[in-house]
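So you can see what is in the structure, the chains are spelled out below.
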Amino acid sequence: MTRKVSYITTPLYYVNAKPHIGHAYTNVVCDTFARFWRLSGQDVFFLTGTDEHGTKIEKIAREQGQTPEKFVEEMVPHFKALWAKLDIRYDFFIRTTDAAHKRTVDRVLQKLVESGDIYEKEYSGWYCMPCESFWTELQLVEGKCPDCRREVQRLQEKNYFFKLNQYQDWLLQKIQADKAFIQPEMRRNEILGFLRQPLEDLCITRPKARLGWGIPFAPNPEFVVYVWFDALINYVSAVGYLQDAVQFSMHWPADLHVVGKDILRQHAVYWPIMLKACGLEQPKTILAHGWWTMGGDKVSKSRGNSVDPWLLSQKYGVDAFRYFLLHEVTLGMDGAFSEGLFRERYTTALANDLGNLWHRYASMLAKYFEGLVPETNESALAAFELVTRGRGLLPKVSQAMAAYDPRLALDLIWEVLVRGNQFVEEQKPWVLAKDPAKTGDLKLAIAALGDALAHVAVILRPFLPHTAETMLVRLGLTAPPNLANLAEFERALLKPGTRVERGDPLFPKLEDEVEEKV
Ligand code: MSP
């Protein structure tokens with residue numbers, strides 16, 4: 001019997017512009033969960049990729065005098081390079097222009113046409129070109145698109161529709177019955193509210209005459225497939241749906257789809273109904289995060305307030321960037337970005353709480369014990385509150401991660417670091433060192449610090465992979481326990497006699513500088 005893989009996905013990013021902080025955020029969050037699960041002993045499949053069809057892309061390619069094919073080829077490497085830079089360890093990168101994906105889209109459509117879930121009708125409605133969405137008169141807000149507030153145009157055309165309406169009651173009940181399905185609670189309520197209005201069937205084609213850049217709609221070649229219908233299918237096409245039954249059964253249903261709040265409706269209404277119509281199981285959780293804002297506005301290329309994740313991580317280090325993203329907001333809420341705030345967090349949490357504690361520990365170990373972990377009495381060591389805190393960290397952090405709260409997880413880890421710094425002040429090892437009768441106490445104090453730092457280093461791996469790795473190597477823990485078997489190693493995590501290297505500062509002090517825009 002093969003084991004079910006834990007399956008996590010990001011949205012597929014439009015390639016109309018280079019990725020910004022909002023895109024980096026989702027990928028860092030998913031990467032942290034994926035790493036946490038892997039280190040906890042699970043088999044994980046982490047999927048990300050790019051959404052390459054539709055008007056947005058066609059328009060920008062034409063504006064740049066390029067074909068959409070050539071344009072997307074040139075854009076995709078920007079995404080892959082950023083994910084490499086940010087240490088995003090995905091298992092597969094799907095592109096909606098991949099032949100295998102297009103084949104699956106064809107097969108899904110064929111299936112849904114055969115089952116009668118897709119039908120043809122003459123339709124007239126208000127169309128928002130940038131959002132590629134049809135709206136009814138009632139849905140318009142002051143005559144404009146309810147999503148982006150831009151002008152809409154009246155269109156009358158024949159199109160193909162997907163029967164959302166007949167599944168409305170089923171979906172409402174599913175969401176009501178399954179609290180874990182849409183998170184956080186506030187977003188679940190929004191979707192429930194939306195589902196209490198009549199649900200219109202979804203127009204899933206666009207006439208080729210109006211939009212050429214899309215997957216051809218096989219049942220009628222005068223049409224292409226609506227970009228959202230094409231893109232959502234990626235979550236199953238990437239794992240072999242209608243192509244490889246064994247692979248598919250190992251992966252589906254997905255455990256976690258992470259999306260931004262602006263695309264929750266597509267994921268929490270269209271997607272579950274598409275799956276239901278195909279006779280497939282539902283994903284376990286769809287988790288919506290908030291927006292990064294700057295100057296009160298959503299960060300976005302089109303609003304001209306883009307924050308470049310590449311420059312930020314180049315300037316401050318990848319882990320500093322990951323820390324800021326994961327810690328600054330509770331998952332689900334909006335967060336304001338400013339470089340000043342970033343620098344403040346860097347100094348307080350990274351350079352001071354973590355970097356300084358490391359430096360104090362490794363320097364004192366070098367000074368008093370020639371850099372070698374001292375031999376101590378285990379029960380005396382275990383009596384220190386700092387040590388029990390460090391050793392008791394994992395279950396608490398695991399609980400926070402199970403509740404999709406990486407911010408809380410980091411807060412819990414930081415409690416140990418803050419406590420560690422207080423501990424140094426209380427113990428005053430430099431005073432103990434002056435009195436030969438206190439050598440045992442000195443050994444214990446330094447060993448307690450080392451014990452706490454070693455636990456922090458192991459648990460920090462999914463969040464700040466580089467820093468954790470550096471600490472582990474310096475601590476001589478070249479084959480560290482994973483999170484599943486950490487408890488077994490508890491006593492032996494740092495073996496007496498092991499040489500610990502102090503190394504360069506983990507987070508060098510920031511130079512004073514005039515704030516630059518990134
Ligand atoms: N292509 C669709 C998704 C298809 S998934 C089958 C799309 N792409 S997008 O590039 O416009 O957005 C991708 C993700 O980035 C969304 O989850 C969106 O919420 C997120 N973000 C875009 N700007 C953002 C911020 N300023 N802050 C946080 N995330 C935001 O939608």
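Note that this is a predicted model, so its numbers are computed, not measured.

A.B. asks: Which residues make up the overall build of the chain, and what values do they have?
C.D. replies: The secondary structure content of the chain amounts to 21 helices and 15 strands. Dimensions of the chain, computed from the C-alpha atoms along their principal axes, are close to 95 × 55 × 40 Å. With 518 residues in all, the chain has 55% of them scored as buried. Of the contacts made within the chain by residues no fewer than 6 positions apart, 76% connect residues no fewer than 24 positions apart. Summing over all exposed atoms, the chain offers an accessible surface of approximately 22000 Å²; the carbon and sulfur share of this is 51%. When the 62 positive and 65 negative side-chain charges of the chain are each reduced to one mean point, those points stand 1 Å apart.

A.B. asks: Explain the nonpolar core residue by residue, including any values.
C.D. replies: Note on soluble globular proteins: their nonpolar side chains tend to be buried together. In terms of nonpolar packing, the biggest core is built from 110 residues, with Y361, V397, I413, W414, L460 and F463 touching the most fellow members. Among residues more than four places away in sequence, those in contact with L460 are L354, L410, I413, W414, P465 and A468. Y160, F217, V225 and I286 belong to the second largest nonpolar core, which has 59 residues in total.

A.B. asks: Any details on the sheet that holds strand β2 (residues 44–51)? Residues and values, ideally.
C.D. replies: With parallel pairing, the six strands of this open sheet are ordered in space as β3-β2-β1-β11-β12-β7. One side of each edge strand has no neighbouring strand; the edge strands of this open sheet are β3 (92–95) and β7 (182–183). Direction of pairing for β2 relative to β3: parallel, over a ladder of four bridges. The residue of β3 that forms the bridge with T48 is F93. Against the sheet, helix α3 (residues 68–85) makes contact with β1 (6–14), β2 and β3, and its axis sits at roughly 155° relative to β3, the strand it touches most. Across the sheet, helix α10 (residues 264–277) touches β7, β11 (256–260) and β12 (285–289), and the angle it forms with β12 is around 160°.

A.B. asks: Got a sec to walk through unusual backbone geometry? Specific residues and values, please.
C.D. replies: Between Q183 and the following residue, P184, the backbone shows a cis peptide bond with an omega angle of -5°. Following the sequence through the fold, P184 ends up in the loop between β7 and α6 (185–195). Look at E142: it is not a glycine, yet its phi comes out positive at around 50°. Unlike most non-glycine residues, Y404 shows phi in positive territory, near 55°. With respect to the secondary-structure elements, Y404 resides in the loop between α16 (393–402) and α17 (406–427). You can call Y404 buried: its relative accessible area is 16%.

A.B. asks: Kindly report on the sheet that holds strand β15 (residues 335–336), identifying the contributing residues and their values.
C.D. replies: Taken in spatial order, the three strands line up as β14-β13-β15 in an open sheet, and their pairing is mixed. The open sheet has two edge strands, β14 (297–298) and β15, and neither has a second partner. One ladder, built from two bridges, connects strand β13 (residues 292–294) with β15; its direction is parallel. In the sheet register, W292 faces β15, and the bridge partner there is G335.

A.B. asks: Lay out the pattern of salt bridges in plain terms, naming residues and giving numbers.
C.D. replies: Counted according to the given criterion, the structure contains 30 salt bridges. Across the pair R360 and E425 runs a salt bridge whose closest N-O atoms are separated by 2.2 Å. Here E425 lies in helix α17 and R360 lies in helix α13 (residues 339–369), a separation of 65 residues in the sequence. Each of E385, R389, E415, R419 and E426 takes part in one network of salt bridges that share partners.

A.B. asks: With reference to specific residues and values, describe the pairing of strand β4 (residues 118–128).
C.D. replies: Moving residue by residue along a regular strand, the side chains alternate between the two faces of the sheet. Of the strand pairs in this sheet, β4 and strand β6 (residues 153–162) are connected by 10 bridges, and their pairing is antiparallel. For I118, the partnering residue across the bridge sits in β6 and is F162. As paired elements, β4 and strand β5 (residues 133–135) share three bridges and run antiparallel to each other. Residue pairing in the sheet places W126 in a bridge with W135 of β5.

A.B. asks: How would you summarise helix α19 (residues 439–460) if you had to cite specific residues and measurements?
C.D. replies: Between its terminal C-alpha atoms α19 stretches 31 Å, which fits the 32 Å expected from 22 residues at 1.5 Å a residue. Of all 22 residues that make up α19, 18 are buried, and the element is covered over most of its length.

Quick notes on the rules
Residues numbered from 1 in each chain as written. Predicted model: local features only at pLDDT ≥ 70, side-chain atom pairs only at ≥ 80, totals over all residues. Heavy atoms only, no water. Helix = DSSP H or I, 4+ residues; strand = E, 2+ residues; numbered from the N terminus. Buried < 20%, exposed > 50% of the residue type's maximum accessible area, 1.4 Å probe, protein only. Contact = heavy atoms within 4.5 Å. Areas by Shrake-Rupley, 256 points an atom, 1.4 Å probe, with all protein chains shown as cover. Lys, Arg positive; Asp, Glu negative; His and termini not counted. Charge placed at Lys NZ, Arg CZ, Asp CG, Glu CD. Core = buried A, V, L, I, M, F, W, Y, C linked by side-chain atoms within 4.5 Å. Pairing = 2+ DSSP bridges. Axes fitted to C-alpha atoms, helices over the stretch in contact; angles between N-to-C directions. Salt bridge = Lys/Arg side-chain N within 4 Å of Asp/Glu carboxyl O. Expected span 1.5 Å × (residues − 1).

Function cannot be read off these values alone, since they describe shape.
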